[in-house]
Structure formats: C-alpha cells, structure tokens
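What the coordinates show
Chain by chain, the residues run as shown.
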Amino acid sequence: MLSSLGLGDGQNMGTTNGKIALDCSVRKTRQGHVCISTTDFFFPLVDSPYLQGRIGAANVLSDLYAEGVGECDFMLMLLAACRDMKEEDRNICTREMVRGFNDACIEAGTVVTGGQTVVNPWPVIGGVATTICSEGEYVKSDGAQVGDVVVLTKPLGTQVAVNVHEWRVRQTPKWTELTKRKILSQEQAEDMMHAAVCSMSRLNRHGGALMLKHHAHAGTDVTGFGILGHAQNLMDNQREAVGMEIHTLPCIAATPKVEESGVLDFRLLQGYSAETSGGLMICLKEEDAVEYCKELEELDGEPAWIIGRIIENVDRKARILDNVKVLEIPCSS
C-alpha cells in the first residue's frame, strides 16, 4: 500500500540495505554519533490506568532494547486523555497513566523531557524513546548466522490472558463455555492475567544490555505480529540467506489449553497471536546463548529460553516445527 511513496532514503544503519527500520530508526548524526529512536503507543488492555502507563513505557522501550542497548537517554510522552469520561474520572485516569509511565522510565534510568497531549475517545499513552551512542555500542539486526540459536526472554500468551480476563469480568458466553467445559477455573484465569501483567510491565532493559556482552548477531522484540510474524520480519532483514526453525513455544500457564479449546482461535500455537510488551528474540551462538540466559535470569529473576535455530534457507523462511514443544510457564512473581 505504501511502497510507491518512496519512504526512507536507504541510510538506516540498523537494517540490511539501509531500508526502513525493523524496530528502530538507526541514523548517523552529522557529528558522527549514532541516534537510535523508536515510537509506540498503547490502548487500554488492563483495568488499572497506572499499569497501562507502565506497560506503555515498557512497550516503547522494548524496541530500543532490541537494538542491544540498555540505556535510553530521554523519552517523549504521547498522551491522549479520554474526552468521554467525567472530568474527575478523566483527571484521575490521566494522572495515574502518567505516573505509571514515569515510574517505568525512572526504573529504566531515563527521563521524560516533553511530548504531546490530545483529547481522544480512548485514553492512550506511549512515547518516543531515544538513545545516542557510538558505532559498536549497539547490535545491528541483520547479522544472524547459520548455526545460531534463538533465545526468547518472555513467555507468549498475553493476548489470550487479557481476553480471558475480559470475558470473566463481563461474564460473557465465552467465559461460560470455558467454565462449563471445565477448561479453566476463575483462579486459573486470575493467575493467567496476573502473569500477563507482570510480563508486560517488566522492562527488557537487562535483556538488551546483555546482547553485546554475549555477542548477539541479531535481535527483535515480539509484539503485534506474533512470534512467527516477527521471526519472519527478522529473517527478511538478514544479510545472509538464512531461515529460522522454532522448536519450542514458552507460553503463560493455561493459555495453550484456552487456545486448544476452540472457544476462540487466537492462533497462539501457530505463532500469530499478538503480544504486548513481549520478549526479545535474539540470535547468537549456542554457547553464548546459554550464558546469556543464565545471566539474564540472575538479573531479572525470570527465565529465558532457547526456542529455535538459524538454518541456511534461500527463501529466508521462518517456521514453527510440526513437533514443536509447548512449555507452560507459571507466574513466579
């Protein structure tokens, strides 16, 4: 749809052939530095405006961390206050969104320096994250090599968990079916949502900061296109003719059986269920991956998993193997 518009100038440093950015715009400044920037925004997926703000910030920062940097120099905030709320409710909601966003930025070691505010039917929050670094202080996203393994730093299933939570709160027919067929209990649904919120609000900062140390060759984060969609985007961006085989899918506990129940096809196990503030997906040598996962778990208190491998493939295809192993990951927080 947009291919005829001639967007970009072929000078992006983070992608093969300098094309439009995969996760971030990576540009050389006139002074010879590297400017890495990204933008995103977040519609309400959770009941708490504070958590919406926190997840919104984590989601923006994740693209920056996917470039192998652990520091954000500054953040601009994009904010939409809800026009349809009563004034008192709107003031509380907006303040709490901003507080959650700012708290996540403080945890990330960065600061909100400006932004833009509008009035909108939905309360929305997001931002623009920027870091300035030198060549060699970030990981280009086009260097995956045959023999690399693929690491994922957060479990899948946030879309499933959020939808089930909404069904339960609203007591919809889908929730009635899940409980009547004994697919899911209220306690399991609550645990699932808690795990999703913990995952979405957790920063990928340590995961990004460790990429250079452990010699990562390429990376991205898993968000709206699902794990297979982002895996394919990553393979399309590689210098070498390589593909990805995914042999393991770590999922939030109980989300696979919701998928398999047929109540709604999220395409979770096919790799296309959208994620919010998902994990980093990183290509690196197996021995480096083992050490990366070990150190990341020590820092975050949460596991990461080797989920696939990079193979020679002239068609540059990413695929989930037929005998994929599905892991159910309980909430540890």
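The structure presented is a predicted model; accordingly, all values stated were derived computationally and were not measured.

**Let's talk about the sheet that holds strand β1 (residues 25–28)**
Reading across from one edge, β1-β2-β5-β3-β4 is the order of the five strands in this open sheet, with mixed pairing throughout. The sheet is open, and its two edges are formed by β1 and β4 (112–120), each paired on a single side. Taken pair by pair, the neighbouring strands of this sheet meet at an average axis angle of 15°, ignoring direction. Relative to strand β2 (residues 34–42), β1 runs antiparallel, the two being bridged by four bridges. Opposite arginine 27, over in β2, you have cysteine 35 as the bridge partner. The strands that helix α2 (residues 87–107) touches are β3 (74–82), β4 and β5 (124–133); relative to β3, the one it contacts most, it runs at about 160°.

**Focus: the side chain of asparagine 204**
Summarising the element assignment, asparagine 204 is placed in the loop between α5 (186–201) and α6 (205–213). Only 2.9 Å separates the side chain of asparagine 204 from the side chain of serine 62, close enough to count as a polar contact. If we ignore the near neighbours within four places in the chain, the residues touching asparagine 204 are Ser62, Tyr65, Thr153, Lys154, Gly278, Gly279 and Leu280.

**What about α6?**
All buried positions along α6 are accounted for by Gly207, Gly208, Leu210 and Met211. With its buried residues spanning 165° around the axis, α6 presents them on a single face. If you follow the buried residues of α6, they end up packed against α1 (49–65), β7 (218–221), β9 (280–284) and α9 (286–300). Histidine 215 lies just past α6 and shows a positive phi near 65°.

**Notes on the layout of surface pockets**
The space that makes up the largest pocket amounts to roughly 400 Å³. Along its surface, the largest pocket is lined by 16 residues, and Pro44, Leu45, Val46, Asp47 and Arg170 are the ones closest to its centre. Breaking the lining of the largest pocket down by element, the ones donating at least two residues are α1 and α3 (158–170). In terms of residue count, α3 provides more of the lining of the largest pocket than any other element does, five residues in total. Partitioning the lining of the largest pocket into residue classes produces 10 nonpolar, three polar and three charged.

**Section: the pattern of salt bridges**
Where charged atoms from two side chains of opposite charge approach closely, those side chains can pair. Using the criterion set out here, one finds 14 salt bridges in the structure. The partner of arginine 168 in a salt bridge is glutamate 190, with the nearest N and O atoms 3.7 Å apart. Here arginine 168 is found in helix α3, whereas its partner glutamate 190 is found in helix α5, with 22 residues between them in sequence. Using a relative accessible area of 36% as the deciding quantity, one classes glutamate 190 as partly exposed. Where glutamate 295 meets lysine 213, a salt bridge forms, and the shortest distance between an N and an O atom there is 2.9 Å. Of this pair, glutamate 295 sits in helix α9 while lysine 213 is found in helix α6, placing the two residues 82 residues apart along the sequence. Residue classification places glutamate 295 among the buried residues on the basis of a relative accessible area of 18%.

**Considering the environment of valine 146**
Summarising the element assignment, valine 146 is placed in the loop between β5 and β6 (149–152). Aside from chain neighbours lying at most four places away, what touches valine 146 is Val242, Ile310, Ile311 and Glu312.

**Concerning the nonpolar core**
Val164, Leu184, Ile227, Met244 and Ile246 are the most contacted members of the largest nonpolar core, which totals 50 residues. Sorting elements by how many residues they give to this core places α5 first, with seven residues. The residues touching methionine 244, leaving out its near neighbours within four places in the chain, are Val150, Ala231, Leu234, Met235, Met281, Arg309, Ile310, Lys317, Ala318 and Arg319. If you look at the next biggest cluster of nonpolar residues, it comprises 26 residues, including Leu64, Cys72, Met75 and Met97.

Reading guide: rules and limits
Residues numbered from 1 in each chain as written. Predicted model: local features only at pLDDT ≥ 70, side-chain atom pairs only at ≥ 80, totals over all residues. Heavy atoms only, no water. Pairing = 2+ DSSP bridges. Helix = DSSP H or I, 4+ residues; strand = E, 2+ residues; numbered from the N terminus. Axes fitted to C-alpha atoms, helices over the stretch in contact; angles between N-to-C directions. Contact = heavy atoms within 4.5 Å. Polar contact = N/O pair within 3.5 Å; in protein donor to acceptor, adjacent residues only side chain to side chain. Buried < 20%, exposed > 50% of the residue type's maximum accessible area, 1.4 Å probe, protein only. Arc of directions from axis to C-beta. 1 Å grid on protein atoms, 1.4 Å probe; cavity = no way out; pocket = protein on both sides within 12 Å on 5 of 7 lines; lining within 4 Å. Points joined across faces, edges and corners; volume = space filled by probe spheres on them. Nonpolar A, V, L, I, M, F, W, Y, C, P; charged D, E, K, R; others polar. Salt bridge = Lys/Arg side-chain N within 4 Å of Asp/Glu carboxyl O. Core = buried A, V, L, I, M, F, W, Y, C linked by side-chain atoms within 4.5 Å.

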